[in-house]
Every structure is written in structure tokens, then in C-alpha cells.
Amino acid sequence: MCNTYPMFIDQVHISVKGGDGGAGCMSFRREAYVPKGGPDGGDGGRGGDVILEADQQLSSLIDYRFKHHFKAKRGRHGKGSKMHGASGEDLVLRVPLGTLVRTYDEESRQAGEVIADLIHHKQRFIVAEGGVGGLGNTHFVTSTRRAPAFAELGEPAEELWVELEMKLMADAALVGLPSVGKSSLIARMSAARPKIADYPFTTLVPNLGMVRSGDLGFVVADVPGLIEGAAQGRGLGHQFLRHIERTALILHVLDGSGGFEDRDIVEDYHTICQELLLYDEELSKRPVIMVVNKMDMPGAKERLQSLANFLTKEALAKVKGNEFSPHYEKPRIFPVSAVTGEGIPQLIAATAERVHVLRSESTEQTDGSPGKGERYEKIWQHQKRKQDQGFSIQNLGGGVFAVTGKLVERMVVQTEWDNPEALDYLQRRMDKVGVEKALSRAGAKPGDEIRIVNRAFAFESLSYADEDELEDDNDDTA
């Protein structure tokens, strides 16, 4: 019988779209014995947001392997009697802890900036906001406009492609060449039961295990074996190097038996350190515990001594400054055997203590300041707000000008273009945010064609005798 394993997916691309806002209602109160009821149109409901939520129960992005498009519910339209439309339901997409969110260009297939890092259980991030509901005609009453016969349409929702990349949230990672016994070690140290065999690349996906040592505990990851050139894409391990970026401690596993090729233990140490350095220089400086496995095999003690001799301060000083940058303070070495259990309790206790100290130091350094994940979100939201409020003008030549910017684009798409009153209100709003002056500075003359979104109209200089009406107009662009 063939054993089957759940598919491990750690990177996907999805399209997300919030719900469109509902339209506002244009209505007038009609009631017996109330001849002048006035406007009573309700507002449209806000569209639902698409939300990413970190869930510690998930271990893969497999849910997004075959389904790539997600859309929240739209807001309902407003009604008469000041009845506002219901807001659309949010769409919550659950992702594993350690999911990094980036913008993604579907055409060029290139990932952009990081916009969120979901590292806490139940942490949420609004990846696509729903559209704002349109205002009913009750909002457009002024001292000179007592019966506004128009309302706003709903705002289209935000839509974008994003890349989701999962990086395992482990405290310690077992790193080493293929067949050094990493899977056997994680099985000895924890309740994890990875596939184990005596040939290279048995481990095809990272494995996680929970380890206890007295009152302390830590999560250990078994990463598929690295080979020389992994940082450039050789072998399988390069696909999973991202999963050790978050670990506080690296457990560098070496084969005390030398393997079938009778490898040199010091050269193996060089190979792994070099690959970590090439992939990410910061990884080469990460705290390390050396683990020499298979001490039950012949020749293991001699190889252990060879490694210990190499890792003296004198030997390290000789290679300091070379392109290969080993740890300058001698790391602790633990001789173990995953088969017999020799040295495993000591390794677990030392790892638990070291992880506890490293995590405590990391907590003290943050000193209550927002974590990296929260900083990404704040930067992204600040950039969005800045972009939303601004607009730009491009002279396309031939008396044609294009105006872009979420603020003015929202005004246009929320306008009923077959309603003269709505168009007049749009023109006044454009002037109020400075579009007319900006067009004049850009060289636009009366009669020139102005393009915004998918609309085109002639440029006119806004002039009217009653300036009070412009001041009285409600403006929802703040």
C-alpha cells in the first residue's frame, strides 16, 4: 500500500476584491397631510472587506492552490424613508502563522513590496477594502439647494493580486546535508513522525515538532537537506531556506559516520555555512549549536575530535575575514545518536534553555514597540492614504488631459452621469479639491478634453455668482 502525505504549499498568488459599495437613494418623503416632506433617501451600505487571518491550526497554503480569486459581498442600496442599505459581509481568508503578504503584478509575474507579516494567532490584515456606500440625497441639502434630485452611486471596491509566502514559525531549525539524520533527530526529540529512510532527500517538505524540557518548550523544524549550490537553486533545500529565516537558533547537524562517501566532517561544516551565507548573510551570524549525529557508528569519535580541533579560537582566527564566515566563538558541540538516544536529553535541555534566553532578549529589545508585521501594515496604510488624497495630471497632447488619483476617480464613478444636478455637484467638488486650478496650470483651456477613469468631458472654467453654495456642499473626501 502506498503512503500518501498532505501536499505542502508555501507560496501562492491570489486575486482579492472587496465588495462594491451600495448606491445611495434619491427619494422624497411622500405622506398624507405632509405637503413638503423633503428628501429622505438613505445611504448605500459599505462593501465587505477581504481579510487575511493567521491561524495556528494551518500548516500550509494548500487552500489557495487551485482557487485564486476571492471577492467579498457588496453593500446593499439605500432606500426611501432614510433606510440605509446593509453593509456587505467581510470575507475572511485563513492563512498559516508566518505568512508574508506582498503585492504582486500578474502581468510581469513579479512580487512587490511587503505589506503584512502575520506572525500572531488571530492577527488580521485587511488586504482589500470594500467600497464606500453612496450618500442619499438627504446629504446634499444646502441653503440654496432645498430639494436635491440626485444621490451618489456606490464606490467600486479595491482589487489587487497578492503573493502569500509562508515561513515556518519555529524556534530552532535542524540544518545539514542530506542523510545526516535530521528526520531521525526530530522524531527522537518530539512527537513528529517524518518519513525516514537511508537514502538522500527522504524529507521533501519541512517538518515541525514540539519539544518539552521541564517547564520550557520550543518548536523545532526539520528542513530538507542542503547541498553545495543550494543558495543558487541546486537540490531541494533551496526551496525551503526561507523557513529558517525566523528561527532563533540553528541546530547544525553533522554526520559522525561520514556517510557512504566517507565525507570529511569539517568540509561538511564549511559547505552548510557557505550556503547559509550566500542565501542570507544574517543567517550565517545566527546562534548555532553543533550536533554530531550517529555517534554509535565506527569512526565517529575521531571525526568528532577533528571538528572540535577545527572549532578552536585559534583555528577560527585563521579563517576570519575570508568569504566563508564561520562563528567566531566556539559553538557548543553535542555528540548524539538518534538511534540509541545517546546525548538527546542533554541536547534538548541545552536547546530549550538557549531558545528561552534568545526569545527573552528579543522581547526586551522590542520594548513594547510594534512588531515588524504591524510596521509593514502601518507603512502600507500610510502610503495608501497619501495616494488616495492626491491626484496627477498628464498632458496627452492635442488638447487632451488625463487626471488620475483615487480621490477624483471615486468622485467620477459615484456620479450619475445622466443627472444634470449630479454633474453640477461633481464639477463643484472637483473645483473644491483643486482639480480646475491644477488643469489650468497644466495648460488646459476651455473646450479641451478631460479624461478621468472611463469618462471624457470638455473642460470648463467653473464660475458662479453664489459662492455660498460651494461652501455649503457636503464634502465626504476627508
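A.B. asks: Any chance you could explain the confidence of the model for the chain here in plain terms?
C.D. replies: Atomic detail in the predicted coordinates should be set aside for any region of low pLDDT. When pLDDT is averaged along the chain, the result is 81; 78% of the residues meet or exceed 70. Mean pLDDT in the chain bottoms out at helix α10 (residues 467–472), which sits at 45, and peaks at strand β3 (residues 69–71), which reaches 97. Low pLDDT (under 50) marks residues 320–328, which in the prediction has 22 contacts with non-local residues, meaning those over four places away or in another chain. Across residues 462–471, confidence stays below pLDDT 50; counting only partners more than four residues off in sequence or on other chains, it has 16 contacts.

A.B. asks: Explain helix α8 (residues 420–432) to me, please; I cannot follow it from the model alone.
C.D. replies: Between its first and last C-alpha, α8 extends 19 Å over 13 residues, near the 18 Å set by a 1.5 Å rise per residue. All of the buried residues along α8 are Ala422, Tyr425, Leu426, Arg428, Arg429 and Met430. Of the residues flanking the start of α8, the one acting as N-cap is Asn419, its side-chain oxygen 3.0 Å from the backbone nitrogen of Glu421. Just beyond α8, the residue with positive phi is Gly434, at close to 95 degrees.

A.B. asks: Which parts of the structure should I look at to understand unusual backbone geometry?
C.D. replies: Most peptide bonds adopt trans geometry, and most residues besides glycine take a negative phi value. Although it is not a glycine, Lys82 adopts a positive phi angle of roughly 60 degrees. Mapped onto the secondary structure, Lys82 falls in the loop between β3 and β4 (91–96). With a relative accessible area of 54%, Lys82 lands in the exposed category. Despite not being glycine, Ser179 shows a phi value in the positive range, around 65 degrees.

A.B. asks: Where do I start with the environment of Val355 in this structure?
C.D. replies: Mapped onto the elements, Val355 comes out in helix α5 (residues 344–366). We classify Val355 as buried; its relative accessible area is 3%. In this structure, the C-alpha to C-alpha distance between Val355 and Thr247, residues 108 residues apart in sequence, is 9.3 Å. If near-sequence neighbours (up to four positions away) are discounted, Val355 is found in contact with Asp171, Ala172, Phe218 and Leu249.

A.B. asks: Just to check I follow, could you spell out the pattern of salt bridges for this structure?
C.D. replies: Two side chains bearing opposite charge may form a pair once their charged atoms approach each other closely. Overall, the coordinates contain 21 salt bridges when judged by the stated rule. Across the pair Arg46 and Asp49 runs a salt bridge whose closest N-O atoms are separated by 3.9 Å. What makes Arg46 partly exposed here is its relative accessible area of 33%. With relative accessibility at 10%, the residue Asp49 sits in the buried group. The partner of Arg263 in a salt bridge is Asp255, with the nearest N and O atoms 4.0 Å apart. Sharing partners across several salt bridges, the network here consists of Asp255, Glu261, Arg263, Asp268 and Lys294.

What counts and what doesn't
- Residues numbered from 1 in each chain as written.
- Predicted model: local features only at pLDDT ≥ 70, side-chain atom pairs only at ≥ 80, totals over all residues.
- Heavy atoms only, no water.
- pLDDT = per-residue confidence, 0-100.
- Helix = DSSP H or I, 4+ residues; strand = E, 2+ residues; numbered from the N terminus.
- Contact = heavy atoms within 4.5 Å.
- Expected span 1.5 Å × (residues − 1).
- Buried < 20%, exposed > 50% of the residue type's maximum accessible area, 1.4 Å probe, protein only.
- Polar contact = N/O pair within 3.5 Å; in protein donor to acceptor, adjacent residues only side chain to side chain.
- Salt bridge = Lys/Arg side-chain N within 4 Å of Asp/Glu carboxyl O.

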